[in-house]
Amino acid sequence: NAGVTQTPKFRVLKTGQSMTLLCAQDMNHEYMYWYRQDPGMGLRLIHYSVGEGTTAKGEVPDGYNVSRLKKQNFLLGLESAAPSQTSVYFCASSYSDRAMETQYFGPGTRLLVL
Amino acid sequence: KQEVTQIPAALSVPEGENLVLNCSFTDSAIYNLQWFRQDPGKGLTSLLLIQSSQREQTSGRLNASLDKSSGRSTLYIAASQPGDSATYLCAVSGNQFYFGTGTSLTVIP
């Protein structure tokens, strides 16, 4: 039981390049989330999904796209990376009802955009 | 918009001391409040979850309280140990999750 895994762990991009971050969970969770963590800002929700085939915008969605084609995977895409997207990205998942369930986090992806 | 604040931003205590971390939030319409631990370069690990109808939760040396009407929560750590050194974050769940910026705790042996 690996929990929540993220690929890659670290990446350097040049401005304008694109990339996809992969999140996978093996806990059969319905809900999945992408956050970014910046110094002094705390974690901010980018996008989330309440089930396979669904996605929704969070607090800071601009510049990112997501897809949830399979229940266990949640992909975060950057179509044209900008230096402002330098951050640590965390994926999380939870079973269902947000009032009852905790979130389980992956180890993070460190992204540097030059 | 929900604002979550954690005070202090950093705390250093000698081993064995009891300590309290504070979390405040501006909108009392929450589903739950969670406390997380984050070690350097790692993801977040859930410590305690308090549902909006509850007043406190306990796990081992940790006790978290929630006063929804005043928008406050505290995390009490008893008999602190060097292994407790980490950043502690609180998060509230409303229409989405909102996190505080954390308290960096150092327990000195």
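Read on for a plain summary of the structure. (Residues numbered from 1 in each chain as written. Chains lettered and ligands numbered in written order. Predicted model: local features only at pLDDT ≥ 70, side-chain atom pairs only at ≥ 80, totals over all residues. Heavy atoms only, no water.)

## Some details on the sheet that holds strand S6 (residues 56-59) of chain B
All names here are of chain B.
- In spatial order, the strands read S1-S3-S8-S7-S6; together these five strands make up an open sheet with antiparallel pairing. Where the open sheet ends on each side, the last strands, each with one partner, are strand S1 (4-7) and S6. Between one strand axis and the next, the sheet turns by 15 degrees as a mean value, whatever way the strands run. (Pairing = 2+ DSSP bridges. Helix = DSSP H or I, 4+ residues; strand = E, 2+ residues; numbered from the N terminus. Axes fitted to C-alpha atoms, helices over the stretch in contact; angles between N-to-C directions.)

## Some details on the sheet that holds strand S7 (residues 65-67) of chain A
All names here are of chain A.
- The strand order across the open sheet built from four strands is S1-S3-S8-S7, with neighbouring strands paired in antiparallel fashion. Unpaired on one side and paired on the other, strand S1 (4-7) and S7 mark the two borders of the sheet. Neighbouring strand axes in the sheet, compared pairwise and without regard to direction, differ in orientation by 20 degrees on average.
- Taken together, the three bridges between S7 and strand S8 (residues 73-78) define a ladder with antiparallel strand orientation. Across the sheet, the residue bridging to valine 66 is leucine 76, located in S8.

## Describing the state of the cysteines
Residues and elements named next belong to chain A.
- Scanning all chains against the criterion turns up two disulfides over all chains.
- The disulfide that involves cysteine 23 links it to cysteine 91, with 1.9 Å between the sulfurs. Negative torsions about the S-S bond denote left-handed disulfides, and the value of about -75 degrees found for cysteine 23 with cysteine 91 makes this one left-handed. Of the two residues, cysteine 23 is situated in strand S3 (residues 19-25) and cysteine 91 in strand S9 (residues 87-94); the sequence distance between them amounts to 68 residues. Cysteine 91 carries the same exposure label as cysteine 23, and that label is buried. (Disulfide = S-S within 2.5 Å. Buried < 20%, exposed > 50% of the residue type's maximum accessible area, 1.4 Å probe, protein only.)

## Describing unusual backbone geometry
- For the peptide bond that leads from threonine 7 of chain A to proline 8 of chain A, omega is -5 degrees, which places it in the cis range.
- Position of proline 8 of chain A among the secondary structure elements: in the loop between S1 and strand S2 (10-13).
- The peptide bond linking isoleucine 7 of chain B to proline 8 of chain B adopts the cis configuration, its omega dihedral lying at 0 degrees.
- In the Ramachandran plot, asparagine 28 of chain A falls in the positive-phi region, its phi being about 60 degrees despite a non-glycine side chain.
- Residue classification places asparagine 28 of chain A among the partly exposed positions, given a relative accessible area of 48%.
- Positive phi is not limited to glycine here, since alanine 79 of chain B has a value of about 45 degrees.
- Secondary-structure assignment places alanine 79 of chain B in the loop between strand S8 (72-77) and strand S9 (86-93).
- By relative accessible area, which is 37% here, alanine 79 of chain B ends up partly exposed.

## What about the environment of leucine 11 of chain B?
Residue and element names in this part refer to chain B.
- On the secondary structure map, leucine 11 appears in strand S2 (residues 10-14).
- For leucine 11, a relative accessible area of 23% translates into the label partly exposed.
- Separated by 29 residues in sequence, leucine 11 and proline 40 place their C-alpha atoms 16 Å apart.
- Those residues in contact with leucine 11 that lie beyond four places of it in its chain are Leu19, Leu21, Thr103, Ser104, Leu105 and Thr106. (Contact = heavy atoms within 4.5 Å.)

## Some details on the pairing of strand S4 (residues 31-38) of chain A
All names here are of chain A.
- Taking burial as the measure, the eight residues of S4 include eight buried ones, the bulk of the element.
- Going residue by residue along S4, you find Tyr31, Tyr33, Tyr35 and Gln37 tucked away on one face and Met32, Trp34, Arg36 and Asp38 tucked away on the opposite face as well.
- Taken together, the seven bridges between S4 and S9 define a ladder with antiparallel strand orientation. Residue pairing for S9: tryptophan 34 is matched across the bridge by cysteine 91.
- The sheet contact formed by S4 and strand S5 (residues 42-49) spans seven bridges and is antiparallel. By the bridge assignment, aspartate 38 is partnered in S5 with glycine 42.

## With respect to the pattern of salt bridges
- Summed over all chains, the structure comprises six salt bridges over all chains.
- Of the charged contacts in the structure, one is a salt bridge between glutamate 30 of chain A and lysine 71 of chain A, with a shortest N-O distance of 2.9 Å. Here the residue glutamate 30 of chain A occupies a position in the loop between S3 and S4, and lysine 71 of chain A occupies one in the loop between S7 and S8, the gap between them amounting to 41 residues.
- Given the relative accessible area of 29%, glutamate 30 of chain A is considered partly exposed.
- One salt bridge in this structure joins glutamate 59 of chain A and lysine 1 of chain B, with 2.7 Å as the shortest N-O distance. (Salt bridge = Lys/Arg side-chain N within 4 Å of Asp/Glu carboxyl O.)

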